[in-house]
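The residues making up each chain are set out below.
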Amino acid sequence: MEYVSRVPRPPLDGLIDDLYYLEGAPPYARLTLPPPSALLIVNLGAPFRIRAGTDIEAAEYADGCVVTMPTRAWEFGYPLRTRSVGVHFKPWGLAPFLPMPAAELRDRPVTIEQVWGRPAIAELRDRLATADRPQEMLTLLEEELMRRLCETAGLGLVRCTSSTIAATRGAVAIGDLSMAAGVSSTHLAQRFKELIGVTPKRLARTYRFAATVFAINFAEPIDWADLAGSAGYFDQAHFGHEFRAFTGFTPTRYVEVRRRFLREHPGHVLDSWPLPAD
């Protein structure tokens, strides 16, 4: 697969981790993605499918999709060849581009048409499809985002607090955050739900889990009890519960699937998070 990405220019760089272009044959027909940050995909190829949790039916997306900060693992079903451009947002970064509170979309991916309207996304897809190179496509997407960027009440508060959560990898008392921000915990939670879709506590859980998983050396034996303790989980059972919630797998099954992915597709452009779906 071809994967091209870059960080956008200011002020978008304060909202977005990267813009990306993806094209090619996925390594597996279905991939399970543990919760990322917010995501926007403009699809330029055949439709793909998303299932947001095992208790929800898969839905098909032709024009693309918008995803706020999820709370569970998602399953992506790809066509034989996929082609898209997209945005990996920082947790708070999608809010200035949404016409509704982020909480309304939590664990409920919607089509990009539902967010930006059919005429606008049809025109954007046409312009992207006729671009000559991936970098030109990313520039077109960046220009579209700049046109749609708007002032968002409370964004500074949520951004500052979220940055602290990220810097501490979720190991911070939420009460301390609201005190430092000079607002009540209720007000802070409400702003987070409006702009990110989850509470500060939930965001901290996501960062802590991600940091723990990224610290795993899959080439070595894993002491799960030690890993859980060093990450601040109550016990191994608590850690196991988080693993199932965020990945859809038990810890041991996750390692089996991760090792298979790395063994069968060494150096793949998607080797940081996606996993084969059982």
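None of these values were measured; they are calculated from a predicted model. Every chain is numbered independently, its residues counted from 1 as its sequence is written. At least 70 in pLDDT is required for a residue's local features to be given in this predicted model, at least 80 for side-chain atom pairs to be given and counted, and no such filter applies to totals for whole chains, interfaces and linings, which use all residues. For side-chain calculations, the full set of non-hydrogen atoms in the structure is used, while hydrogens and water are omitted.

## Quick notes on the overall build of the protein chain
Next up, step 1: The secondary structure listing takes helices from DSSP runs of H or I that are at least 4 residues long and strands from runs of E that are at least 2 residues long, numbered from the N terminus. If you tally the helices and strands in the protein chain, you get ten helices and eleven strands.
Next up, step 2: Referenced to the eigenvectors of the C-alpha coordinate spread, the extents of the protein chain come out at roughly 55 × 50 × 35 Å.
Next up, step 3: The cut-offs for exposure are 20% and 50% of the maximum accessible area for each residue type, with area from a 1.4 Å probe on protein chains only; residues under the lower value are buried, those over the upper are exposed, and the others partly exposed. Sorting the 278 residues of the protein chain into buried and exposed places 49% on the buried side.
Next up, step 4: Should any heavy atoms of two residues lie within 4.5 Å, those residues are counted as being in contact. Restricting the contact set of the protein chain to residue pairs at least 6 apart, pairs at least 24 apart contribute 72%.
Next up, step 5: As displayed, the protein chain has an accessible area near 12700 Å², and 52% of this comes from carbon and sulfur atoms.
Next up, step 6: Note that His is not counted, nor are the chain ends; the positive residues are Lys and Arg, and the negative ones are Asp and Glu. By convention, the charge on Lys lies at NZ, on Arg at CZ, on Asp at CG and on Glu at CD. Separation of charge centres in the protein chain, based on 31 positive and 32 negative side chains, amounts to 2 Å. Using a 1.4 Å probe, the Shrake-Rupley method yields the accessible areas, and only the shown protein chains count as cover for residues.

## Some remarks on the side chain of D18
Next up, step 1: Along the chain, D18 falls in strand β2 (residues 16–24).
Next up, step 2: Polar contact is defined as a pair of N or O atoms within 3.5 Å, subject to the rule that within protein one atom must be able to donate a hydrogen and the other to accept it, and that residues adjacent in sequence are counted only when both atoms are side-chain atoms. At 3.3 Å, the side chain of D18 forms a polar contact with the side chain of Y3.
Next up, step 3: For D18, the side chain forms a polar contact with the side chain of H88, separated by 2.7 Å.
Next up, step 4: What D18 contacts, discounting residues up to four positions off in sequence, is Y3, S5, R6, V7, P8, G86, V87 and H88.

## As for the packing of aromatic side chains
Next up, step 1: Two rings from Phe, Tyr or Trp (for Trp, the six-membered ring) form a pair when their centres sit within 6.5 Å of each other. Planes less than 30 degrees apart are called stacked, planes more than 60 degrees apart edge-to-face, and all others tilted. For the coordinates displayed, the defined rule picks out 14 aromatic pairs.
Next up, step 2: With centroids separated by 4.9 Å and ring planes inclined at 20 degrees, the aromatic side chains of F209 and F246 adopt a geometry described as stacked. Note that F209 is positioned in helix α7 (residues 200–214) and F246 in helix α9 (residues 236–247), a separation of 37 residues in sequence.
Next up, step 3: F209 gets classed as buried once you look at its relative accessible area, which sits at 3%.
Next up, step 4: Residue F246 is classed as buried on the basis of its relative accessible area of 1%.

## Brief notes about the packing of α7 against α9
Next up, step 1: At their nearest, the axes of α7 and α9 sit 11 Å apart, and the two run at 100 degrees to each other. One finds that α7 runs roughly perpendicular with respect to α9. Each of R202, R205, T206, R208, F209, T212 and V213 in α7 lies in contact with α9, whose residues at this interface are H238, F239, E242, F243, F246 and T247.
Next up, step 2: For this classification, Asp, Glu, Lys and Arg are treated as charged, while Ala, Val, Leu, Ile, Met, Phe, Trp, Tyr, Cys and Pro are nonpolar and the rest, including Gly, are polar. Of the residues that constitute the contact of α7 with α9, the class distribution is five nonpolar, four polar and four charged. Angles here are taken between N-to-C directions and fall from 0 to 180 degrees, while the axes themselves are lines fitted to C-alpha atoms, restricted in helices to the stretch in contact. Angle categories are assigned with fixed cut-offs, so that under 35 degrees is roughly parallel, over 145 is roughly antiparallel, 65 to 115 is roughly perpendicular, and the rest are oblique.

## Remarks on the environment of S230
Next up, step 1: Positionally, S230 belongs in helix α8 (residues 224–230).
Next up, step 2: Taking relative accessible area as the criterion, S230 reaches 60% and is therefore assigned exposed.
Next up, step 3: Spatially, the C-alpha atom of S230 lies 31 Å from that of R191, the residues being 39 residues apart in sequence.

## Let's talk about the confidence of the model for the protein chain
Next up, step 1: Model confidence for the protein chain is summarised by a mean pLDDT of 92, while 98% of its residues fall at 70 or above.
Next up, step 2: Along the chain, pLDDT gives the predictor's confidence residue by residue, from 0 to 100. When the elements of the protein chain are averaged for pLDDT, strand β11 (residues 275–276) gives the smallest value, 84, and helix α3 (residues 134–148) the largest, 97.

## Notes on the nonpolar core
Next up, step 1: Working definition of a nonpolar core: buried Ala, Val, Leu, Ile, Met, Phe, Trp, Tyr and Cys residues. They are joined through side-chain atoms within 4.5 Å. Among the nonpolar cores identified, the biggest contains 47 residues, and V42, F89 and L145 are the most heavily contacted of them.
Next up, step 2: Ignoring any residue separated from it by four or fewer positions in sequence, one finds V42 in contact with D63, G64, S84, V85, I112, I121, L124, R125, L128 and L141.

## So, α7
Next up, step 1: Its 15 residues give α7 an end-to-end C-alpha distance of 21 Å, which sits within 8% of 21 Å, the value for a rise of 1.5 Å per residue.
Next up, step 2: At its buried positions, α7 is contacted by α4 (155–167), α5 (174–181), α6 (185–195), α8, α9 and α10 (251–264). The length a helix should cover is 1.5 Å for every residue beyond the first.

## Regarding the pairing of strand β4 (residues 39–43)
Next up, step 1: Extensive coverage of β4 is indicated by the burial of five of its five residues.
Next up, step 2: Along β4, one buried face is formed by L39, I41 and N43 and the opposite face, lined by L40 and V42, is buried too.
Next up, step 3: As defined by bridge partners, β4 adjoins strand β7 (residues 64–67) across four bridges and the pair is classed as antiparallel. Each bridged residue has a counterpart across the sheet, and for L39 the counterpart in β7 is V67. Strand pairing requires that DSSP identify at least two bridges connecting the strands.

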